[in-house]
Amino acid sequence: MEDRKMSNKFSLITDGLVKNNPTFVLVLGICPTLATTTSAINGMEMGLATMFVLILSNIFISLIAPMVPDKVRIPTYIVVIATFVTLLQLLMQAFVPDVYATLGLFIPLIVVNCIVLGRAEAFANKNSVGDSALDGIGVGLGFTLSLTVIGIVREILGSGSVFGWKFVAGDGILAFVMAPGAFIVLGYLLVLFNKFLAKK
Amino acid sequence: MEYLLIIVSAIFVNNILLAQFLGVCPFLGVSSKLSTATGMSGAVCFVITLATVVTYLLNKYLLIPLGLTFLQTISFILVIASLVQMVEIVLKKVSPGLYQALGIFLPLITTNCAVLGVALTVVTKEFTFGGEAHMLNLGEATVYAFATALGYGLAMILFAGIREHLALSDVPKAFKGLPVALITAGIMAMAFLGFSGIV
């Protein structure tokens, strides 16, 4: 019994990684996915920033959900999310200003990332605080993982390096760092995902 | 002349969808039919321009004088959400025809990152249109927002045209749906890269 409970908690995290992967299965939050994955490290930073907001907003929304009238729940959630995004902006400006400068506009735009609002509406408002926190961690990790993978592929093709470690002299195929590469790499990764990992 | 530069740059060179990746979710979501794509573009055009003007004024006359610019994100999203709601109510009353055409797309626009994205860009970024770097004034900001929205519409309608053809062609199973749409968008983005350097 105890064992099953543990595995249920564990599956809350693993579901977000593969079965409900926000990028490759649900295809949500595509804008930051495309825009910030010019290198592996940028993708990872964006994923972690989103995870921060996701966990906090999931916890807070699961706490207040019983008190919020049904009709105004979406605006309430948006305000909660926007508050945590503002908090994140201030923290990043204070402690990691250069990361904040690289990711730029896409940090405030976490407010309108459909993943965060989606989890609030689909999970946090009807589950316990602990479960919502785990769900936030799982989905956040899934998002971070996919952004890092896309970042790695684009960085290898586009600049001939991985996490800044260069293994090809000179430039890579520049198009992969620029806009077209983002669409094309995500497209082909989705194809691979459909082919090998998706349920038959 | 400067306005012309803003327009060309916003529509073609820095196309909001294909170069800046703002508003890609609805771009992929509603672009499978030409008619819905046109409706969505119209609604986005309307809301982006209106929202940018309102948030610009809010920022200039309320947030900056009071030293509250750190509240930009939270206040802008509230303004956009209420604006969308208001536009919906006004349209329903004043022009039922237009409401019929745009109505179902309006609620979706609140979470379209293009709207918040343009509103935030206009008040935080310095632009260099044929001169030195400066913050946009109200006129420039309005033109920039409208032109950006036109660029959004252009990319969206072109893409919907292509996708209508894609639906009829024989695509390998793993490519069906989104993957092939993304790869098509990538090729379109490559075509739009051809415009870089003209401004």
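Residues numbered from 1 in each chain as written. Chains lettered and ligands numbered in written order. Predicted model: local features only at pLDDT ≥ 70, side-chain atom pairs only at ≥ 80, totals over all residues. Heavy atoms only, no water.

A. Region of the structure containing the pattern of salt bridges. All names here are of chain A. Per the counting criterion, the structure on display carries three salt bridges over all chains. Glutamate 121 serves as the salt-bridge partner of arginine 73, at 2.6 Å between the closest nitrogen and oxygen. Highlighted residues: arginine 73 in helix 4 (residues 73-95) and glutamate 121 in helix 6 (residues 114-122), separated in sequence by 48 residues. Judged by its relative accessible area of 22%, arginine 73 falls in the partly exposed class. Taken together, the shared-partner salt bridges in this structure form one network comprising Asp70, Arg73 and Glu121. (Salt bridge = Lys/Arg side-chain N within 4 Å of Asp/Glu carboxyl O. Helix = DSSP H or I, 4+ residues; strand = E, 2+ residues; numbered from the N terminus. Buried < 20%, exposed > 50% of the residue type's maximum accessible area, 1.4 Å probe, protein only.)

B. Representation of helix 7 (residues 113-124) of chain B in the model. Across its 12 residues, helix 7 of chain B extends 16 Å between first and last C-alpha, which sits within 8% of the 16 Å expected from 1.5 Å per residue. The element helix 7 of chain B is extensively covered by neighbouring structure, given that 11 of its 12 residues are classed as buried. By the burial criterion, the buried members of helix 7 of chain B are Cys113, Ala114, Val115, Leu116, Gly117, Val118, Ala119, Leu120, Thr121, Val122 and Val123 of chain B. Elements in contact with the buried residues of helix 7 of chain B: helix 2 (30-36) of chain A together with helix 3 (34-66), helix 4 (72-94), helix 6 (106-109) and helix 8 (138-168) of chain B. Between the side-chain oxygen at the start of helix 7 of chain B and the backbone nitrogen of alanine 114 of chain B there is a gap of 2.9 Å, and the oxygen is on asparagine 112 of chain B. (Expected span 1.5 Å × (residues − 1). Contact = heavy atoms within 4.5 Å. Polar contact = N/O pair within 3.5 Å; in protein donor to acceptor, adjacent residues only side chain to side chain.)

C. Geometry of the side chain of glutamate 140 of chain B. By the element assignment, glutamate 140 of chain B lies in helix 8. Contact partners of glutamate 140 of chain B, with chain neighbours within four places excluded, come to Glu2, Tyr3, Ile6, His134 and Met135 of chain B.

D. Highlighting the layout of surface pockets. Space inside the largest pocket adds up to approximately 720 Å³. When contributions to the lining of the largest pocket are tallied by element, the ones reaching two or more residues are helix 2 and helix 5 (97-103) of chain A together with helix 1 (2-13) and helix 9 (178-193) of chain B. Across the lining of the largest pocket, the residue classes tally to 19 nonpolar, 11 polar and two charged. (1 Å grid on protein atoms, 1.4 Å probe; cavity = no way out; pocket = protein on both sides within 12 Å on 5 of 7 lines; lining within 4 Å. Points joined across faces, edges and corners; volume = space filled by probe spheres on them. Nonpolar A, V, L, I, M, F, W, Y, C, P; charged D, E, K, R; others polar.)

E. Seen up close, empty space enclosed by the protein. For the structure shown, the criterion picks out one cavity of 30 Å³ or more. Taken as a whole, the largest cavity holds about 110 Å³ of empty space. Forming the boundary of the largest cavity are 15 residues, of which Cys31, Pro32, Val112 and Asn113 of chain A together with Cys113 of chain B lie nearest the centre. Breaking the lining of the largest cavity down by element, the ones donating at least two residues are helix 2 of chain A together with helix 2 (24-29) of chain B. Looking at the lining of the largest cavity, the element that brings in the most residues is helix 2 of chain A, giving three residues. Of the residues contributing to the lining of the largest cavity, the split by class is 12 nonpolar, three polar and no charged.

F. Seen up close, the interface of chain A and chain B. The interface is formed by 35 residues belonging to chain A together with 34 residues belonging to chain B. In total, chain A and chain B occlude about 2900 Å² of area from one another, counting both sides; carbon and sulfur atoms represent 88% of this. When the buried surface of chain A facing chain B is broken down by residue, Cys31, Val112 and Phe183 of chain A rank first, second and third, together holding 23% of it. Summed over the shared surface of chain A and chain B, the number is zero salt bridges. Applying the counting rule to chain A against chain B returns two residue pairs in polar contact (both at pLDDT 80 or more). (Buried area = accessible area lost by both parts, 1.4 Å probe.)

G. Here's a closer look at the packing of helix 4 of chain A against helix 4 of chain B. Relative to each other, helix 4 of chain A and helix 4 of chain B sit at 155°, their axes nearing to 8 Å. The angle between helix 4 of chain A and helix 4 of chain B places the two elements in the roughly antiparallel class. Between helix 4 of chain A and helix 4 of chain B lies a crossing whose hand is right-handed. Facing Ile78, Val79, Ala82, Thr83, Val85, Thr86 and Gln89 of chain A of helix 4 of chain A, the residues of helix 4 of chain B in contact are Thr73, Ile74, Ile77 and Leu78 of chain B. Residues belonging to the contact of helix 4 of chain A with helix 4 of chain B are distributed by class as follows: seven nonpolar, four polar and no charged. (Axes fitted to C-alpha atoms, helices over the stretch in contact; angles between N-to-C directions. Parallel < 35°, antiparallel > 145°, perpendicular 65-115°, else oblique. Left-handed = near helix turned anticlockwise from the far one by under 90°.)

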